[in-house]
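The primary structure of each chain is shown beneath.
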There are 2 protein chains.
Amino acid sequence: MKILVMKFGGTSVADIKKLKNVAIKVKRNSKKYKVVVVLSAMAGETNKLQKYLDIVSEKSSYSSDLVITSGEHVSVGLLSIILNKLKVKSICLLGWQIPIITDNSYGKARILKINNKIIKNYFKKNEVIIVPGFQGISKEGKISSLGRGGSDTTAVALACSLKATRCDIYTDVDGVYSTDPNIDKKAKKIKKISYEEMLEMASLGAKVLQTRSVELAMKNNLVLQVLSSLNNSPGTFIVNEKNLIEKEMVTGISYTKNEAKITISGIPDKPGVSSLIFGILSDSNINVDMIVQNISQDGLRANVTFTVQEREMNLAKKILEKNRDLIDFHYISTNADVSKVSVIGVGMKSQSGVAKKMFKALADLKINILAISTSEIKISVLINRKMTNKAVKKLHKAYVL
Amino acid sequence: MKILVMKFGGTSVADIKKLKNVAIKVKRNSKKYKVVVVLSAMAGETNKLQKYLDIVSEKSSYSSDLVITSGEHVSVGLLSIILNKLKVKSICLLGWQIPIITDNSYGKARILKINNKIIKNYFKKNEVIIVPGFQGISKEGKISSLGRGGSDTTAVALACSLKATRCDIYTDVDGVYSTDPNIDKKAKKIKKISYEEMLEMASLGAKVLQTRSVELAMKNNLVLQVLSSLNNSPGTFIVNEKNLIEKEMVTGISYTKNEAKITISGIPDKPGVSSLIFGILSDSNINVDMIVQNISQDGLRANVTFTVQEREMNLAKKILEKNRDLIDFHYISTNADVSKVSVIGVGMKSQSGVAKKMFKALADLKINILAISTSEIKISVLINRKMTNKAVKKLHKAYVL
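Residues numbered from 1 in each chain as written. Chains lettered and ligands numbered in written order. Predicted model: local features only at pLDDT ≥ 70, side-chain atom pairs only at ≥ 80, totals over all residues.

### Considering the overall build of chain A
And then number 1: A count of helical and extended segments in chain A gives 13 helices and 18 strands.
And then number 2: The globule rule puts the C-alpha radius of gyration for 401 residues at 21 Å, and the 23 Å found for chain A is close to it.
And then number 3: Taken along its principal axes, the extent of the C-alpha atoms in chain A is 75 × 50 × 35 Å.
And then number 4: Counting the 401 residues in chain A, one finds 47% classified as buried.
And then number 5: Taking the intrachain contacts of chain A between residues at least 6 apart in sequence as the baseline, contacts between residues at least 24 apart amount to 75%. (Helix = DSSP H or I, 4+ residues; strand = E, 2+ residues; numbered from the N terminus. Rg over C-alpha atoms; globule rule 2.2 N^0.38 Å. Buried ≥ 20, exposed ≤ 12 C-beta atoms within 10 Å, placed from the backbone. Contact = placed C-beta atoms within 7 Å.)

Next up, the structure:
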């Protein structure tokens, strides 16, 4: 019998009524598949727990993972009870019971190994397996958490380990859209998308799936489906590029409004400077996104521009200024008033003119491009934040999505 | 080095400020003792979880125990973090990690065995052990709960297993009083009380300690202390009767306002009838407290009066009426407007006149006694509920407490 992993996020299990709805979907699938259900905590719970940790200013430890993983015990226990009342046999298996073994980077642990044996035993008894998302057990035998959004990773990792037919990720949207429907009502649900495109969409703000989980699915060639827990429509399938019959030149337009631009002017134009700057930022756990470096006219001093999360801009500036003598630069300027807009599509690789069309569309709107970065399947530009919505709509139309 | 078990209830760990206060008390004791801390969930949490279980109408199962034990993970994790910031090394050990092995009566599991080995290993590393109250692991390897108030039992069981010097139960009152201070301002804190007296006080409404935990302490001759988490005053010590130098004739006056009286009239006056009636009630999990049986004048038909929890009165009536033919009675009458008032004291065994004084005091107030029951160390009477406070005050004065 085929195996299906079903994952439900916090809004899908927010109350008993929604959990009953989840149970009905599980029951239906349990007639066709051996089912593993992975649940997040009820909406709001993990935030509440995180607030406690913020008050005691704890970043990540075994103790904080014990706190932050407790919400999932409630949702899994309740679902099991509800399934039981629907005459569907089920068993809750916690991270330590399966076990899902992780390293001991508490707060952002990585899964090292999953044991299928206990799950398969319960499959033989025709029981639905219910697993709390986001938790594992470290090699030291202590509870660990996979970091926020980690329930997607739990679901995908279990699906890969069990060689499941598919992993369905239920959420409060009914799929991946060609752009944000809040910005452009003409946004369309994408039927099939490649892992690579989804990765670009996810990390660029179409926050439907945790990036790690998509990477893991890609590595294992596992079909994902993103779909709504509120209706019965099919969602968006995330598949291997080879399975896309018609490759769209551009699949979607995404954006992020939480970036900030930092420019360091007058750095020595010699090898090792970039490595030094980004090494310092990395050591302070600051994530850098786009990087653009211009060579100076005199060949001695250059500028480097990059983006960070807006909330980390001031910290990044402070850290760089502390290292002024080491890096040897003239000055730093910052701009928190920027957005990144991207066009994404695997078809881009084989078709030309995508970038040209993008720059033309933005020029028509008199939008100044502050930085550009490109990959094989996406082009991103940094623009003034207040122009974001206009730009997204214009691009969505330009590529006839 | 001596071992101390400290248990803090829900109101003592209700927020971060209170948890910091707990941490300071733990730190202080950790200089003199090897310390095990047992915590309840933050006040209100377990009730919230119970409400979910009520909505899905689940009584007790592994799944419901998974839900109901999750609150303690939050309080123990947070305390460990706070202790760490106070430079006190600590480790959270869950029920399954120690392990605290229970039977599989989920929802009201009984502890079968505690393994001291892991705890002793952490003692060697000078770590304070933090244990979530109320949870264990069944022989089947599933999380189990000890039932509401079970954290006291966890603390006492650990203290007995580790042969601790004492188990301190911190709560929101600073000890056991000679009666309810809300009713009589002259109520005094009792310095020392015997296990037996405490048992009578607890089951009669002075709800400071879970009955099971007192029984367990008595069996193991473990000294308990009930004290406040809000100040540094000594509390009430609960000890072996032999250690009470001066045995009070009457130690305290307790009462319960949640009883209801049921009278079954016209039952056959022959052997086996009581057994039948109380067997039926017991099978329906209805707890019966006082039982008074009067023989009928004609020697053929009798009446039996007993008390149940007020909230179970109607259910009890319904169940009995369903069995009318089997029991063979005339009619049932109920009265939810009653209270039980008790005088308690180990000295009673050796001194006479306690009952006489009680009945005299109540007669002075023209209070009608609806039923009487006695044990070696207590006398309880059932009276009209609206007379409760008057009766308690009068008795407190009569015995010069």
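### A few points about the sheet that holds strand E11 (residues 224–228) of chain B
Pairing between the strands of a sheet comes from backbone hydrogen bonds, and it takes one of two forms, parallel or antiparallel.
Residue and element names in this part refer to chain B.
And then number 1: Across the sheet, which stays open at both edges, the eight strands sit in the order E3-E6-E2-E1-E9-E11-E12-E10 with mixed pairing between neighbours. Each edge of the open sheet is held by one strand with a lone partner, namely strand E3 (90–92) and strand E10 (192–194). Put simply, the sheet's adjacent strands are angled 20° from each other on average, direction ignored.
And then number 2: Bridge count between E10 and strand E12 (residues 236–239): three bridges; the pairing is parallel. Looking across to E12, one finds that Ile-193 is bridged to Ile-238.
And then number 3: Helix H6 (residues 150–161) contacts strand E1 (3–8), strand E2 (34–39), strand E6 (128–132) and strand E9 (166–171) of the sheet and is inclined by roughly 180° relative to E1. (Pairing = 2+ DSSP bridges. Axes fitted to C-alpha atoms, helices over the stretch in contact; angles between N-to-C directions.)

### Observations regarding the interface of chain A and chain B
Interface extent is often summarised as the accessible area lost during association of the parts.
And then number 1: Listed as interface residues are 21 residues of chain A and, on the opposing side, 21 residues of chain B.
And then number 2: Listed by contribution, the elements that provide at least two residues to the side of chain A that touches chain B are helix H2 (45–55), helix H3 (62–68) and helix H4 (71–85) of chain A.
And then number 3: Per-element tally for the side of chain A that touches chain B: the top contributor is H4 of chain A, with eight residues.

### So, the environment of Thr-153 of chain B
Residue and element names in this part refer to chain B.
And then number 1: Structurally, Thr-153 is set in helix H6.
And then number 2: Each C-alpha atom, one on Thr-153 and one on Val-214, is 8.2 Å from the other, the two residues being 61 residues apart in sequence.
And then number 3: Sequence-distant contacts of Thr-153, that is, excluding residues within four places in its chain, are made with Leu-146, Gln-210, Arg-212, Ser-213 and Leu-216.

### Observations concerning the domain arrangement of chain A
And then number 1: As far as domains go, chain A holds domain 1 (3–172) and domain 2 (253–398).
And then number 2: Using C-alpha coordinates to define each centre, domain 1 of chain A is positioned 37 Å away from domain 2 of chain A. (Domains from an automatic or database assignment.)

### Overview of the relation of the copies chain A and chain B
And then number 1: For these two chains of identical sequence, chain A goes onto chain B by a turn of 179° and a shift of 0.0 Å along the axis, with RMSD 0.2 Å. Taken together, the rotation and translation describe the operation of a two-fold axis. Within chain A, Ser-70 of chain A has its C-alpha nearest the rotation axis, a separation of 2.6 Å.
And then number 2: Most of the interface of chain A is mirrored in chain B: 100% of its interface residues are interface residues there too. (Least-squares fit on C-alpha atoms with pLDDT ≥ 70 in both.)

### Considerations on the packing of helix H6 (residues 150–161) of chain A against helix H8 (residues 211–220) of chain A
All names here are of chain A.
And then number 1: It is the contact of H6 with H8, at a shortest axis distance of 8 Å, that shows an interaxial angle of 15°. As judged from the angle between their axes, H6 and H8 are roughly parallel. With respect to the hand of their crossing, H6 and H8 are arranged in left-handed fashion. Residue-level contacts link Asp-152, Thr-153, Val-156, Ala-157 and Cys-160 of H6 to Arg-212, Ser-213, Leu-216, Ala-217 and Asn-220 of H8. (Parallel < 35°, antiparallel > 145°, perpendicular 65-115°, else oblique. Left-handed = near helix turned anticlockwise from the far one by under 90°.)

### Some points on the confidence of the model for chain A
Reading predicted coordinates in detail is not appropriate for stretches of low pLDDT.
And then number 1: Overall, the prediction assigns chain A a mean pLDDT of 91, with 98% of residues at 70 or greater.
And then number 2: Taken over the whole predicted complex, pTM reads 0.83, whereas the ipTM for its chain interfaces reads 0.81. (pLDDT = per-residue confidence, 0-100.)

### So, the nonpolar core
And then number 1: Counting 231 residues, the largest nonpolar core has Leu-79 of chain A together with Leu-79 of chain B as the members making the most contacts within it.
And then number 2: With residues near it in sequence (within four places) discarded, Leu-79 of chain A still touches Leu-19, Val-22, Ala-23, Val-37, Leu-39 and Ile-130 of chain A. (Core = buried A, V, L, I, M, F, W, Y, C linked by C-beta atoms within 7 Å.)

### Focus on the environment of Ile-183 of chain A
Residue and element names in this part refer to chain A.
And then number 1: By secondary structure assignment, the location of Ile-183 is in the loop between strand E9 (166–171) and strand E10 (192–194).
And then number 2: Under the C-beta neighbour-count criterion, Ile-183 is labelled partly exposed, with 17 such atoms within 10 Å.
And then number 3: In the structure, Ile-183 is positioned 50 residues away from Gly-133 in sequence and 31 Å away in space, judged by C-alpha atoms.

### Some remarks on helix H2 (residues 45–55) of chain B
And then number 1: Considered for burial, the residues of H2 of chain B that qualify are Glu-45, Thr-46, Leu-49, Tyr-52 and Leu-53 of chain B. An end-on view of H2 of chain B places all buried positions within 115° of arc, on one side of the element. Exposed side of H2 of chain B, more than 90 degrees from the buried face: Asn-47, Lys-48, Lys-51 and Asp-54 of chain B are the residues found there.
And then number 2: Of the surrounding elements, those touching the buried residues of H2 of chain B are helix H1 (16–30) and H4 of chain A together with helix H3 (62–68) and helix H4 (71–85) of chain B.
And then number 3: Where H2 of chain B ends, the next residue or the one after it, Ser-57 of chain B, has phi of about 45°, a positive value. (Arc of directions from axis to C-beta.)

### Topic: H6 of chain B
All names here are of chain B.
And then number 1: Taking 1.5 Å as the rise per residue, H6 with 12 residues should run 16 Å; its terminal C-alpha atoms sit 16 Å apart, in good agreement.
And then number 2: Most of H6 is tucked away: 10 of the 12 residues are buried.
And then number 3: Buried within H6 we find Gly-150, Ser-151, Asp-152, Thr-153, Thr-154, Ala-155, Val-156, Ala-157, Leu-158 and Ala-159.
And then number 4: Following H6 by one or two positions, Lys-163 has its phi on the positive side, about 50°. (Expected span 1.5 Å × (residues − 1).)

### Comments concerning the sheet that holds strand E8 (residues 143–145) of chain A
Residues and elements named next belong to chain A.
And then number 1: The four strands lie next to each other as E5-E4-E7-E8, forming an open sheet whose pairing is mixed. Whereas interior strands pair on both sides, the edge strands pair on one side only; in this sheet they are strand E5 (111–114) and E8. Neighbouring strand axes in the sheet, compared pairwise and without regard to direction, differ in orientation by 45° on average.
And then number 2: Two strands pair when backbone bridges link them, and strand E7 (residues 135–138) and E8 are joined in this way by three bridges, in the antiparallel orientation. When the bridges of E8 are listed, Gly-136 appears paired with Ser-144.

### Structural notes on unusual backbone geometry
Residue and element names in this part refer to chain A.
And then number 1: Between Ile-98 and the following residue, Pro-99, the backbone shows a cis peptide bond with an omega angle of -20°.
And then number 2: Looking at the secondary structure, you find Pro-99 in the loop between strand E3 (90–92) and strand E4 (100–102).
And then number 3: Of note in this structure, Lys-87 is not a glycine but carries a positive phi near 65°.
And then number 4: Considering the arrangement of structural elements, one finds Lys-87 in the loop between H4 and E3.

### Some details on the environment of Ile-130 of chain B
Residue and element names in this part refer to chain B.
And then number 1: The topology assignment puts Ile-130 in strand E6.
And then number 2: Linking Ile-130 and Gly-77, residues 53 residues apart in sequence, is a C-alpha distance of 8.5 Å.
And then number 3: When near neighbours in sequence (up to four residues on either side) are disregarded, Ile-130 contacts Val-37, Leu-39, Val-76, Leu-79, Ser-80, Ser-90, Ile-91 and Cys-92.

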